[in-house]
Amino acid sequence: MEDEICIFATDRKSSFCTILVGEKCDGKNNRCSFRKTEEQFITERDRAISMNRERGNCLKCRYMGDYCRTSAEETVVDNFF
């Protein structure tokens, strides 16, 4: 991860973080608790989706019209079309 750029870092010109509004970032700050590689982001998102399904939170979700999809489910749908 040392050489990888954080998924939340914007392009090199503006150097702003997309998750921490107004914060400048080059995507390499090891002390940032939000720093994630793309692989880490996908893994943690999939885990959160699975946990919320198990807890029944998806049945009462008011933010999405449909269940969130894990990366494996997105791949299946993308390959279908």
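To start, this report covers the structure provided alongside it. (Residues numbered from 1 in each chain as written. Predicted model: local features only at pLDDT ≥ 70, side-chain atom pairs only at ≥ 80, totals over all residues. Heavy atoms only, no water.)

**Notes on the overall build of the protein chain**
Consideration 1: Scanning the protein chain from terminus to terminus reveals two helices and zero strands.
Consideration 2: Here the protein chain, with 81 residues, has 16% of them falling under the buried criterion.
Consideration 3: Counting only contacts in the protein chain whose residues sit at least 6 apart along the sequence, the fraction spanning at least 24 positions is 35%. (Helix = DSSP H or I, 4+ residues; strand = E, 2+ residues; numbered from the N terminus. Buried < 20%, exposed > 50% of the residue type's maximum accessible area, 1.4 Å probe, protein only. Contact = heavy atoms within 4.5 Å.)

**Structural notes on the side chain of Asp46**
Consideration 1: Mapped onto the secondary structure, Asp46 falls in helix H1 (residues 38-55).
Consideration 2: Summary of buried charges: Asp46 has no salt-bridge partner, and the nearest side chain of opposite charge, Arg45, is 4.0 Å away. (Lys, Arg positive; Asp, Glu negative; His and termini not counted. Salt bridge = Lys/Arg side-chain N within 4 Å of Asp/Glu carboxyl O.)

**A word on H1**
Consideration 1: The terminal C-alpha atoms of H1 lie 26 Å apart, and with 18 residues this matches the ideal 26 Å at 1.5 Å per residue to within 8%.
Consideration 2: Looking one or two residues beyond H1, the residue adopting positive phi is Gly56, at roughly 80°. (Expected span 1.5 Å × (residues − 1).)

**Describing the pattern of salt bridges**
Consideration 1: Summed over all chains, the structure comprises two salt bridges.
Consideration 2: Notably, a salt bridge pairs Glu44 with Lys36, separated by 3.4 Å at the nearest N-O pair.
Consideration 3: Glu44 gets classed as partly exposed once you look at its relative accessible area, which sits at 41%.
Consideration 4: Looking at Lys36, the relative accessible area reads 18%, which means it is buried.
Consideration 5: Among the ionic pairs, Glu73 bridges to Arg53, the shortest N-O distance being 2.9 Å. Of the two residues, Glu73 sits in helix H2 (residues 71-80) while Arg53 sits in helix H1, which places them 20 residues apart along the sequence.

**Some points on the environment of Gln40**
Consideration 1: By the element assignment, Gln40 lies in helix H1.
Consideration 2: On the basis of relative accessible area, Gln40 is assigned to the partly exposed category, the value being 31%.
Consideration 3: Remark: the alpha-carbon pair of Gln40 and Ile7, spanning 33 residues in sequence, is separated by 9.2 Å.

**Concerning the state of the cysteines**
Consideration 1: Counted according to the given criterion, the structure contains zero disulfides.
Consideration 2: For the unlinked cysteine Cys61, the closest cysteine sulfur is that of Cys68, found at 6.1 Å.
Consideration 3: Assessed through its relative accessible area of 34%, Cys68 is described here as partly exposed. (Disulfide = S-S within 2.5 Å.)

**Describing the packing of aromatic side chains**
Consideration 1: For the coordinates displayed, the defined rule picks out one aromatic pair.
Consideration 2: Pairing Phe8 with Phe41 gives two aromatic rings, centres 5.7 Å apart and planes at 90°, and the pair type is edge-to-face. Pair noted here: Phe8 is in the segment before H1 and Phe41 is in helix H1, with a separation of 33 residues, a long-range link.
Consideration 3: Owing to a relative accessible area of 14%, Phe8 belongs among the buried residues under this scheme.
Consideration 4: Look at Phe41 and you get partly exposed, because its relative accessible area is 29%. (Phe/Tyr/Trp six-rings, centres within 6.5 Å; stacked < 30°, edge-to-face > 60°.)

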